[in-house]
Amino acid sequence: MVWLSHLDPSCQGLTLKLAILSRAPQAYSTQRLRAAALQRGHQVKVLNTLRFAIDLAGLEPDLQYRGRPLSDYDAILPRIGNSITYFGTAVVRQFEQMDVYTPNTANGISNARDKLRANQILSRHNIALPPTSFVRNRADVRQAIELVGGAPVVIKLLEGTQGIGVILAPQVKVAEAIIETLHSTKQNVLIQKFIAESRGRDIRALVVGDRVVAAMRRVANGDEFRSNVHRGGSVEPVELTPEYELAAVRSAQIMGLKVAGVDMLEGNDGPLVMEVNSSPGLQGIETATNLDVAGAIIDYMANQVAFPEIDVRQRLTVSTGYGVAELLVHGNADLVGKTLGESGLWERDITVLTLHRGTNVIPNPRKGVLLESGDRLLCFGRLEEMRSMIPERRKRRAKVRRLPKEPIPES
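With an unreviewed UniProt entry as reference, the chain is termed RimK family alpha-L-glutamate ligase, source organism Agromyces allii.

Structure below.
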C-alpha cells in the first residue's frame with residue numbers, strides 16, 4: 001500500500017528502514033551496501049536469511065526473526081546465496097506479501113538462479129544467447145552437441161556459480177564422457193557452443209533500474225577460458241555501446257530484476273548474454289570502475305520504495321471469471337490495421353495493459369495505437385471473452401506416409 005502523503009516528491013527527505021538479507025555480514029558487498037545506506041542517513045540492519053520463520057498463523061502474512069516478531073521495514077535488499085535459494089526466496093516472497101519493497105522479487109531470483117529457465121525466458125524475448133541445448137538421455141547427447149555447432153563445447157552445471165561447474169570440452173568424445181559422468185551423479189547440465197571470438201573475455205554490466213551504472217571487461221588468466229574474478233581473471237573498466245547496454249537492461253527487466261549483473265560475450269554479431277546474476281558481487285566492478293555502485297543501488301531503492309513489486313496476476317485474478325492473458329495479433333486477424341479503440345476490446349470488457357511489438361514495450365497503450373501483425377497484448381478482463389479470441393492451436397502438418405502394402409484391403 002502506498003502512502004504518498006508521507007513521501008517527499010524527490011524522495012530526498014525520505015529515511016528508509018532497510019534490511020539486507022545476507023548470511024555474510026563481513027563480505028565486501030554487504031559492507032559496502034550497509035555503508036552506502038548509512039552515509040545517506042538510512043537505518044540499516046544485516047539480517048541472516050536463515051534465521052527467519054514464515055508466520056502463516058495470523059490473519060495477515062508475517063515473519064519472525066530469531067524467534068521474535070519482526071519489526072516493520074520499508075525495504076529489503078536480498079543477497080540470497082545459491083545454497084539456500086528455496087528458503088531464501090520463500091522469505092523474500094513473504095516480504096512481498098507484506099507489501100515490503102524489494103528490487104529483486106522471489107520470482108526474479110528463482111528465474112535467474114536456474115540457468116536453463118533463464119535461457120528459456122530470455123530466448124522467448126529475442127535476447128541473443130550462445131547456441132544452447134539441454135538433454136537428459138545419453139543417446140541424445142551427440143545430437144545435442146551437433147545442434148549447437150559441434151565441438152568444442154562448454155558444459156555448464158545448471159546451478160553453478162563463480163565459474164564452478166563450467167567445463168570446456170575440446171572434442172565430442174570428451175564432451176560425451178563428461179556429460180555421462182555428470183548425469184550419473186544426478187547433475188543437470190547445459191551444452192553451449194564455445195564462442196571462440198570472445199577469446200576468454202566477457203563483459204559484466206551492473207544494471208540498476210533501467211540503466212547500466214557500471215561495466216567492466218573480465219579477461220581470463222593465461223590458458224584459462226573462464227574470465228571470472230574468482231578464477232584469477234583480471235578486470236578493466238569498459239564503456240558500453242548502446243547495443244550492449246540495451247541487451248543488459250532488457251535481460252534484467254525480462255528476468256524481473258531491478259538490480260542485476262548481466263554477463264555478456266562479445267560475439268561477431270553483437271552481445272551474447274550468458275547469465276543474469278541476481279546477487280552480483282560489487283568488489284570487482286567498484287575496484288575496476290572506481291564508481292559507487294552500492295550507492296547507486298541504495299539511491300534507486302529510496303526512489304522506488306513507495307511502489308513495491310506486486311504479483312499482478314495474483315492480484316488481478318481474485319475476481320471470479322476475470323484474469324490476465326496474452327493475446328497474439330495474427331497476420332490474418334481482423335484486428336490488423338485497426339486502432340485499439342476500433343478493436344472492440346473495451347466493449348468486450350477487456351483492458352490492454354501493455355503492447356509488445358518486437359523488442360519494444362508500449363505500457364498502457366492509447367486507443368489511437370494502430371495494431372500490427374505479431375503484436376502481443378497483455379490484457380486483463382473477462383476470461384471467456386479472451387478465450388473466444390484465441391484461434392485454435394495450429395497442428396503440425398501430417399507427414400505423407402508410404403503407401404501401405406495393401407492400398408485397397410480385400411473385403
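After that view of the structure, there is still more to cover.
Whenever I open this one, the packing of aromatic side chains confuses me. Can you help?
Describing an aromatic ring pair means giving the distance of the ring centres and the angle of the ring planes. Applying the stated rule across the entire model yields three aromatic pairs. For the ring pair F52 and Y65, a centre distance of 4.9 Å and an interplane angle of 50 degrees mean the geometry is tilted. Of the two residues, F52 is situated in strand 3 (residues 52-55) and Y65 in strand 4 (residues 62-65); the sequence distance between them amounts to 13 residues. One exposure class covers both F52 and Y65, and it is buried. Relative to F380, the ring of Y322 lies with its centre 5.9 Å away and its plane at 35 degrees, an arrangement referred to as tilted. Remark: F380 occurs in strand 19 (residues 376-382) and Y322 occurs in strand 16 (residues 322-328); sequence separation between them is 58 residues.

I tried to follow the sheet that holds strand 8 (residues 153-157) on my own but got confused; where do I start?
The pairing of strands in a sheet happens through backbone hydrogen bonds and is either parallel or antiparallel. The strand order across the open sheet built from four strands is 7-10-8-9, with neighbouring strands paired in antiparallel fashion. The sheet is open, and its two edges are formed by strand 7 (132-133) and strand 9 (166-169), each paired on a single side. Examined bridge by bridge, strand 7 and strand 10 (residues 189-193) share two bridges and lie antiparallel to one another. Residue T132 lies in a different strand from strand 10, and its bridge partner there is Q192. Packing of helix 4 (residues 115-124) onto the sheet brings it into contact with strand 7, strand 8 and strand 10, and relative to strand 10 it is tilted by some 50 degrees.

What am I meant to see in the packing of helix 1 (residues 28-39) against helix 9 (residues 293-304) here?
The relative placement of two packed helices is expressed as an angle between their axes plus a distance between the axes. At their nearest, the axes of helix 1 and helix 9 sit 8 Å apart, and the two run at 55 degrees to each other. Taken together, the axis directions place helix 1 and helix 9 in an arrangement best described as oblique. Helix 9 is crossed by helix 1, and the crossing has right-handed handedness. Counted together, R32, L33, A36 and A37 of helix 1 and A294, G295, I297 and I298 of helix 9 form the full contact between these two elements. Among the residues forming the contact of helix 1 with helix 9, the class breakdown is six nonpolar, one polar and one charged.

Help me out: how do you make sense of the nonpolar core in this one?
Generally speaking, soluble globular proteins have nonpolar side chains that are buried together. Ranked by internal contacts, the top residues of the largest apolar core, which has 29 residues, are L18, L33, V213, V293, I297 and M301. Breaking this core down by element, the ones donating at least two residues are strand 1 (17-21), helix 1, strand 6 (75-78), strand 11 (201-208), strand 12 (211-219), helix 8 (283-289) and helix 9. Ignoring any residue separated from it by four or fewer positions in sequence, one finds I297 in contact with L33, L77, V208, V259 and L282. Judged by nonpolar contacts, the second largest core, of 24 residues, contains A118, I127, I203 and A205.

Thresholds applied
- Residues numbered from 1 in each chain as written.
- Predicted model: local features only at pLDDT ≥ 70, side-chain atom pairs only at ≥ 80, totals over all residues.
- Heavy atoms only, no water.
- Phe/Tyr/Trp six-rings, centres within 6.5 Å; stacked < 30°, edge-to-face > 60°.
- Helix = DSSP H or I, 4+ residues; strand = E, 2+ residues; numbered from the N terminus.
- Buried < 20%, exposed > 50% of the residue type's maximum accessible area, 1.4 Å probe, protein only.
- Pairing = 2+ DSSP bridges.
- Contact = heavy atoms within 4.5 Å.
- Axes fitted to C-alpha atoms, helices over the stretch in contact; angles between N-to-C directions.
- Parallel < 35°, antiparallel > 145°, perpendicular 65-115°, else oblique.
- Left-handed = near helix turned anticlockwise from the far one by under 90°.
- Nonpolar A, V, L, I, M, F, W, Y, C, P; charged D, E, K, R; others polar.
- Core = buried A, V, L, I, M, F, W, Y, C linked by side-chain atoms within 4.5 Å.

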